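Architecture and fold: a report
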Amino acid sequence: MAANADIFEYKEPWGGPFGLSVALHVALFGGMLLYGALHGTGESWGGTGGGGGDAMSARLVSTIPLPAKQGENVLATESKGLTQSKPKEVIEEAEAIPIPDKATKKKQKETPAAKEKPREVAEAVDNEIPFGEGGPVSGPYGVFNTAGAKGGFGFTGGGGDFGSRYSWYVDTVRRKVSENWLKYEIDPGISSAQRVYIYFEIARNGQPKSIRVEQSSGIPSLDQSAMRALQRIDTFGPLPNDYNGSNVAVEFWFDYKR
Amino acid sequence: MRKTLLLIGIALLSSTLLAQQDWIRTGTGLGVEKIRLAVPEFKAASTDPQTGALLKTFNAVLWNDLESAGIFEMVSKSFYPLQVPGAPNDFKPEAWGNPPPDAAMVAFGNLAVGNGRLAVQGWLFDAKNPQAAQVLGKQYNEAATDDNARVIAHRFANEIIFRLGGGIMGITESKIFFVSARSGNKEIWSMDYDGANQKQVTNLRSISLSPRISPDSSRIAFSSFAQGGPNIAMWSLELNRAVTFPRFGGTNLSPAWSADGTKLAFSSSRNGDPEIYISDANGSNLRRMTSYRGPDVSPVWNPKTGAQLAWVSGRSGLPQIWVADADGANPTRLTDQGYAVSPAWSPNGQFLAFAWIRKYGPGAPGASDIYIMDVASRQWVQLTHDGGRNDFPSWSPDGRHIVFQSTRSGSEQVWTMLADGSQQKQVTTSGRNSQPNWSWK
């Protein structure tokens, strides 16, 4: 019984503070309304100078400080989307600047200078004759075509002549990747996409390893289907016997168009 | 004819299935684009009287092996230059790499017989890359017999397939085990993948069914009526006799090896209803995997993961293909209609091949044909269309071929085909032959 009495006594004290709180809130909102009435010009939210719209575009740009990066990353040149002219607007907006810095730093770290070669490759690729249509693999690079999709790659290992010395092996890699790329894994709603770049290495025994998306297409299902194409492959076959290196690095790109 | 049938079949499918034809071919390692390969006849490098006969065998086997591999487009011999190389010095890349032969690769060499020995030198050259043309160079030396000429041709073909096929061994040295009644009883027989060297394995003078070779090729598990049963029996290829295996009572059928060779799955009616049981390879540690009303038979392991089994279940009426985890959890039905039996899981774990009568019942003129289904997406493709009853598919170790049984030639015979349905060939002719099973390597 004594306990009950305690509880009742305990409840009573917060009635006062509650009343005080209500009074304070009323005063606060009242003050705000009053301020609005005195200083408000009737502009709507974000209405000043259409600033809302600008702010939006500025943000987008800030995430694409890529233009600077593109100079170094060969890969980036391939994708039209990354070279949009919008980014410049960002610079005008002071707020957006800090974020771009972060982004650019990261990107620079990820892309070693060594990858400049692939760029040339990718451009040259378009002119090459695909395997089986009469043309040899003329360099360390190649392309493949399958219904509605296209892929290509560059070998960056073994002193640079791996592709020309072992073009048959390069062909094998190209064939095997294209065979294992199952396009039904890609979101059927996608009709076309930016190029996705996959990096991987081939160990001496032919196993692909260190598979990663080097540059995303922005469409997760496409990125994943490209990754899975490589993960599905147990081996490309051992590297040629007379090849001295311990592994070969390969950069593979996928273009998708339905 | 087959192609037109295929096209008609494809046209009947929905547009989503249209895309499937494309990837089914690729998923099985059968690229849409094949390597143009020229294989001029090997040159005789000796005058020994045996040379001619052995050379003929060698050339025929090598050509057949490479043509059957499924990854080459063989350049017709009528396009070859008159000067055929027998050694690297004679090889002229421009003569082979340009039209008319327009070959990407050329396999050539020479064969000599002397002092009872057969010596073969073989090369594989890249005709489109004159600067670094040699891909492969091999020498073989064996006793001069017709069998060895075949063996050497098989090995050289395997090397070429291994190099150009992306590290997947060819099947030229694999074996097919099957049931044949040609001796008067249904016994287990074996043969090379191309039908050569057919030999009787068991001699139990009873009925032996559903042979399954172990992954290490040392034993054959099968169903035997030798002592009542049928029971699961085990034949040792090393001892060349049956070895003991426990008898569980009831009807025990269709054993299946796990890929690591440590477990067997089979169906047993020891407790009434046929259910799937799993035991260790010696028959111990028996445990039940399924427990539903209706028959559950013909289990097969996912050879890639060893964590799943597919089997035939009659729990929903007509037999259908089901898949579940090895402990029986997550049973899932894969086929949605008709009468589906005899599942076989592809070596890469991606596909199930099975026999299916899609339209089953009165008034439905359904034929039993071989289909393959992508397990993940459930999309399927029909592989046989040529009539007869087609059943008991089994995958080759490279996942590019399927062996099956068909009655299209009038009686039950063993046939092989590429996993896209092309290159169908009858490989047995004598007696009735059925239930083929392809070795693991």
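Note that the structure is a prediction, hence the values are computed from the model and not measured.

A look at the sheet that holds strand E13 (residues 241–243) of chain B
All names here are of chain B. The 4 strands lie next to each other as E10-E11-E12-E13, forming an open sheet whose pairing is antiparallel. Sheet topology places strand E10 (208–213) and E13 at the edges, where each strand pairs with a single neighbour. Averaged over all pairs of adjacent strands, the angle between strand axes in this sheet comes to 35°, irrespective of strand direction. The pairing of strand E11 (residues 219–224) with strand E12 (residues 231–236) spans 6 bridges and is classified as antiparallel. Counted as the bridge partner of Ser 224 is Asn 231 from E12.

With respect to the pairing of strand E26 (residues 390–395) of chain B
All names here are of chain B. Of all 6 residues making up E26, 6 are buried, and the element is well covered by its neighbours. Relative to strand E27 (residues 401–406), E26 is paired through 4 bridges, and the arrangement is antiparallel. Bridge pairing links Trp 395 to Ile 402 in E27. With antiparallel pairing between neighbouring strands as the criterion, E26 and E27 make up a hairpin whose turn holds 5 residues, including Gly 399 at a positive phi of roughly 70°.

A look at the nonpolar core
Nonpolar side chains tend to gather and get buried jointly when the protein is soluble and globular. Residue and element names in this part refer to chain B. In this structure, Leu 37, Phe 58, Ala 103, Met 105, Val 106 and Ile 160 are the most contacted members of the largest nonpolar core, which totals 73 residues. If sequence neighbours within four positions are ignored, Met 105 has contacts with Ile 35, Leu 37, Leu 124, Asp 126, Ala 127 and Leu 164. Formed by 69 residues, the second largest nonpolar core is a distinct cluster that contains Ile 213, Trp 322, Met 417 and Val 427.

As for helix H5 (residues 146–164) of chain B
With 19 residues, H5(B) extends 27 Å from end C-alpha to end C-alpha; this agrees with the ideal 27 Å at 1.5 Å per step. Turning to H5(B), its buried residues are Ala149(B), Arg150(B), Ile152(B), Ala153(B), His154(B), Arg155(B), Phe156(B), Ala157(B), Glu159(B), Ile160(B), Ile161(B) and Leu164(B). Buried residues along H5(B) sit in contact with helix H9 (167–180) of chain A together with strand E1 (35–38), helix H3 (51–68), strand E4 (105–114), strand E5 (117–126) and strand E6 (134–143) of chain B.

What about the domain arrangement of chain B?
Residue and element names in this part refer to chain B. Splitting chain B by domain gives domain 1 (2–29 + 173–438) and domain 2 (35–164). Taking only C-alpha atoms, the centre of domain 1 and the centre of domain 2 are 36 Å apart. On the side of domain 2, 6 residues touch domain 1, which itself brings 7 residues to the contact. Each residue belonging to the side of domain 1 that touches domain 2 can be placed in one class, and the counts come to 2 nonpolar, 2 polar and 3 charged.

Structural notes on the packing of H3(B) against H5(B)
Residues and elements named next belong to chain B. Where H3 meets H5, the axes come as close as 8 Å, and the angle between the chain directions of the two elements is 35°. The crossing of H3 and H5 is right-handed. Only Asp 146, Ala 149, Arg 150, Ile 152, Ala 153, His 154, Phe 156, Ala 157 and Ile 160 of H5 make contact with H3, whose side of the interface consists of Leu 54, Thr 57, Phe 58, Val 61, Leu 62, Asp 65 and Leu 66. Partitioning the contact of H3 with H5 into residue classes produces 11 nonpolar, 2 polar and 3 charged.

Scoring rules and cut-offs
- Residues numbered from 1 in each chain as written.
- Chains lettered and ligands numbered in written order.
- Predicted model: local features only at pLDDT ≥ 70, side-chain atom pairs only at ≥ 80, totals over all residues.
- Pairing = 2+ DSSP bridges.
- Helix = DSSP H or I, 4+ residues; strand = E, 2+ residues; numbered from the N terminus.
- Axes fitted to C-alpha atoms, helices over the stretch in contact; angles between N-to-C directions.
- Buried ≥ 20, exposed ≤ 12 C-beta atoms within 10 Å, placed from the backbone.
- Core = buried A, V, L, I, M, F, W, Y, C linked by C-beta atoms within 7 Å.
- Contact = placed C-beta atoms within 7 Å.
- Expected span 1.5 Å × (residues − 1).
- Domains from an automatic or database assignment.
- Nonpolar A, V, L, I, M, F, W, Y, C, P; charged D, E, K, R; others polar.
- Left-handed = near helix turned anticlockwise from the far one by under 90°.

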